[in-house]
Structure formats: structure tokens, C-alpha cells
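Breakdown of the fold
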Amino acid sequence: MTNPSRRALIAGNWKMNNTVRECVALALAVSAQGRPGPRTDVVLAPMFTALLAVSEALKGTGVAVAAQDVHWEEAGAFTGEVSAAMLEDAGCTYCLVGHSERRHGLGETDQVVYRKLQALLRHGLTPIACVGETLAEREGGITYQVLGRQLDALLEGASEAVFGGVVLAYEPVWAIGTGRTASPRDAQTAHAFLRDRVRHRLADAADRVRILYGGSAKADNAAELLAQPDVDGLLVGGASLDAASFARIIQAAG
Ligand code: PGA
């Protein structure tokens, strides 16, 4: 398993799928079937409209709820947006920021992702901040330049105390929803790069920050990815929509 000094985290990103009722049923099935070990946390990220219902259904189960996005302002004239305080009110304790489908599909910049991260930290929500290179960037040999730039933006003004509680997710864009997974070795190399880069700025936080791998993670490859020393968990898209397969991934974390 992963480094014993950090708790494992298995996160399900349901993206824009399911009705509210289907989300509640899936959440209850995951909590019934996926029995996490004592050092593993589980979090589910439904769409905004299901957050409250899923949080209420999961009360007392130990499974946490994440939102998939947040706005950086507290309240006001921001049509269509949801603030960190509203996520907290709906029962969330985690929230994704900087997912590639937002960076690349919706044009979110490093600066926008940073502001969202700060809004979550102000409210005591745990950010799951995603970074990752596209296929063109990997083939162009600039993977580490891209990862470094995305991470440095998140580290702006960061303190040891606060950044240690942040979760990072390495999600190579070419592996998301494609069935192509980074090899355990490539994932470990990227995770070690990210941790070293955090260490450069924040020596103590580096050993506490949890780094998840995401990109076609599934029951069949979970164990070998989780066996890498710097892979602290998984951010799972497609395979999290099926309770039985997600339960197997939770079990792979030990
Ligand atoms: P995937 O998605 O597991 O379907 O590749 C992962 C993610 O986008 O978080």
C-alpha cells in the first residue's frame, strides 16, 4: 500500500451523470458494499443538484461528499455559480478544482483554479486540485514543465499548515475517460515530481499532502497504482458509477 504516514483517499467523480434519486441509490450502495480499511477515506462527488440529498443519505456512514467545482466569491451577482459556503451548507467537506474538463473544456486558467482553491481553504473545505498534461504536451516533452507551472500556481502564498491538508490529483488528460492508464511507473514518477516540488517550498507539507492518480483507474489496475509509494489514492470517473466496481477499488486501497 501507499506510504503508511498518509491516509489513502478513494474519490469517485460522477461528473454530469444520474438523477438525484440515482445518486442517492448509488451512494447508499457504495457505502454498503465498499468497506474501507481503517486507513482509507472515501469521498463521492455528485453534481450540484444531488449534493444535499447525497450528504443526508450518507450521514453516519463515514463516506464524505465532494462538489465538482466552486466559485471563488462568497455570494452575489454570479449567475449559475455556487460558493464554498453553499457547498458547506449542502454537506460537502471536499471539492474538486482544476479538473481537466474545466481547464480544457471551459477555459479555466491556473489563476482561476488558484482562486477557487483559496475560497475552499477559507471555508475549511478540502480541495482536490487536479493537474495534468495533455497528449500533445507529453509527446512534446513538456510534461514536467506543465505540471510544474500548474502546481506553482496553487502554491502561491501557501503555508505549511494549510497546504499539508490539500489533496492533489495527477490526471494525465490523455488518460481521462479513454481507457488508457498511465503505467504505475509513470504515475509514480509524476507523483514524486509533484511531491518534490512541494517540498522545495514547504518541507513539512510535502509529506502530508495526498496525491491521487486519476485517468481510467479501475478495479483491475487499482492495486498496482496504489502500490506506488507516492500514489496516495485514486480519483475515479467512469468506474465510480458502478457500486460493485468502485467497492473493489476501495478494497484495493486496503
Ligand atoms: P476516468 O475519469 O476515470 O473516467 O478516466 C477520471 C476523472 O476525470 O477524474
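Model, not experiment: these values are computed from the prediction.

A few points about the site of the ligand
Close to the ligand lie 13 residues, the nearest being Lys15, His99, Glu171, Gly177 and Ser216. Contact between the ligand and Asn13: an oxygen atom at 3.5 Å from a side-chain N or O atom of the residue. Backbone polar atom of Ser216 to an oxygen atom of the ligand: 2.7 Å apart, as the coordinates give it. Burial of the ligand by the surrounding chains reaches 95%, relative to a free accessible area of 290 Å². The pocket occupied by the ligand, as judged from atoms lying within 2 Å of grid points, is the second largest pocket. Residues that form the shell around the ligand fall into these classes: four nonpolar, seven polar and two charged.

Observations concerning the pattern of salt bridges
Inspection of every chain in the model, using the stated rule, returns 22 salt bridges. Put simply, Glu56 and Lys59 hold a salt bridge, and the shortest N to O gap is 3.8 Å. Glu56 gets classed as partly exposed once you look at its relative accessible area, which sits at 47%. Between Asp232 and Arg195 there is a salt bridge; the shortest N-O distance is 2.7 Å. Note that Asp232 is positioned in the loop between helix 11 (219–226) and strand 8 (233–236) and Arg195 in helix 9 (residues 184–201), a separation of 37 residues in sequence. For Asp232, a relative accessible area of 0% corresponds to the buried category. One connected set of salt bridges, linked through shared partners, spans Arg6, Arg195, Asp230 and Asp232.

Here's the deal with the sheet that holds strand 8
Paired through their backbone hydrogen bonds, the strands of a sheet run either parallel or antiparallel. The strand order 1-2-3-4-5-6-7-8 describes a closed barrel built from eight strands, whose pairing is parallel. In this sheet, adjacent strand axes meet at a mean angle of 25° when their direction is disregarded. Sheet topology places strand 6 (residues 167–170) next to strand 7 (residues 210–214); four bridges connect them, and they run parallel. Note that in strand 7 the partner of Val167 across the bridge is Arg210. Against the sheet, helix 9 makes contact with strand 5 (126–131), strand 6 and strand 7, and its axis sits at roughly 150° relative to strand 7, the strand it touches most.

What to know about the packing of helix 1 (residues 20–33) against helix 2 (residues 51–58)
One way to put it is that helix 1 packs onto helix 2 with a least axis distance of 9 Å and a crossing angle of 30°. Between helix 1 and helix 2, the crossing angle belongs to the class labelled roughly parallel. Like other packed secondary-structure pairs, helix 1 and helix 2 cross with a definite hand, here right-handed. Residue-level contacts link Val20, Cys23, Val24, Ala27, Leu28 and Ser31 of helix 1 to Ala53, Val54, Ala57 and Leu58 of helix 2.

Side note on the pairing of strand 4 (residues 94–97)
Of the two faces of strand 4, the one carrying Tyr94 and Leu96 and the one carrying Cys95 and Val97 are both buried. Sheet analysis places strand 3 (residues 64–67) next to strand 4, joined by two bridges and oriented parallel. The residue of strand 4 that forms the bridge with Ala66 is Tyr94. As defined by bridge partners, strand 4 adjoins strand 5 across four bridges and the pair is classed as parallel. The residue bridging Tyr94 from the neighbouring strand is Thr126, located in strand 5.

Quick look at the environment of Pro38
Here Pro38 lies in the loop between helix 1 and strand 2 (40–45). Classification of Pro38 by relative accessible area gives exposed; the value is 74%.

Here's the deal with the pairing of strand 8
On strand 8, burial covers both faces: Gly233 and Leu235 on one face and Leu234 and Val236 on the other are all buried. When strand 1 (residues 8–13) meets strand 8, the two strands line up parallel, connected through four bridges. Looking at strand 8, one finds that Leu9 is bridged to Gly233. Pairing between strand 7 and strand 8: three bridges, direction parallel. Paired with Gly214 across the two strands is Leu235, which belongs to strand 8.

Looking at the nonpolar core
Membership of the largest hydrophobic core comes to 66 residues, with the highest contact counts inside it found for Leu87, Phe163, Leu168, Tyr213, Leu234, Phe246 and Ile249. Beyond its immediate stretch of four places on either side in the chain, Phe246 contacts Ile10, Ala11, Gly12, Val30, Val42, Leu44, Val236, Ala239 and Ser240. If you look at the next biggest cluster of nonpolar residues, it comprises 14 residues, including Ala11, Ala45, Tyr94 and Leu96.

Basis of the calculations
- Residues numbered from 1 in each chain as written.
- Predicted model: local features only at pLDDT ≥ 70, side-chain atom pairs only at ≥ 80, totals over all residues.
- Heavy atoms only, no water.
- Near = heavy atom within 4 Å.
- Polar contact = N/O pair within 3.5 Å; in protein donor to acceptor, adjacent residues only side chain to side chain.
- Areas by Shrake-Rupley, 256 points an atom, 1.4 Å probe, with all protein chains shown as cover.
- 1 Å grid on protein atoms, 1.4 Å probe; cavity = no way out; pocket = protein on both sides within 12 Å on 5 of 7 lines; lining within 4 Å.
- Sits in = over half its atoms within 2 Å of the grid points.
- Nonpolar A, V, L, I, M, F, W, Y, C, P; charged D, E, K, R; others polar.
- Salt bridge = Lys/Arg side-chain N within 4 Å of Asp/Glu carboxyl O.
- Buried < 20%, exposed > 50% of the residue type's maximum accessible area, 1.4 Å probe, protein only.
- Helix = DSSP H or I, 4+ residues; strand = E, 2+ residues; numbered from the N terminus.
- Pairing = 2+ DSSP bridges.
- Axes fitted to C-alpha atoms, helices over the stretch in contact; angles between N-to-C directions.
- Contact = heavy atoms within 4.5 Å.
- Parallel < 35°, antiparallel > 145°, perpendicular 65-115°, else oblique.
- Left-handed = near helix turned anticlockwise from the far one by under 90°.
- Core = buried A, V, L, I, M, F, W, Y, C linked by side-chain atoms within 4.5 Å.

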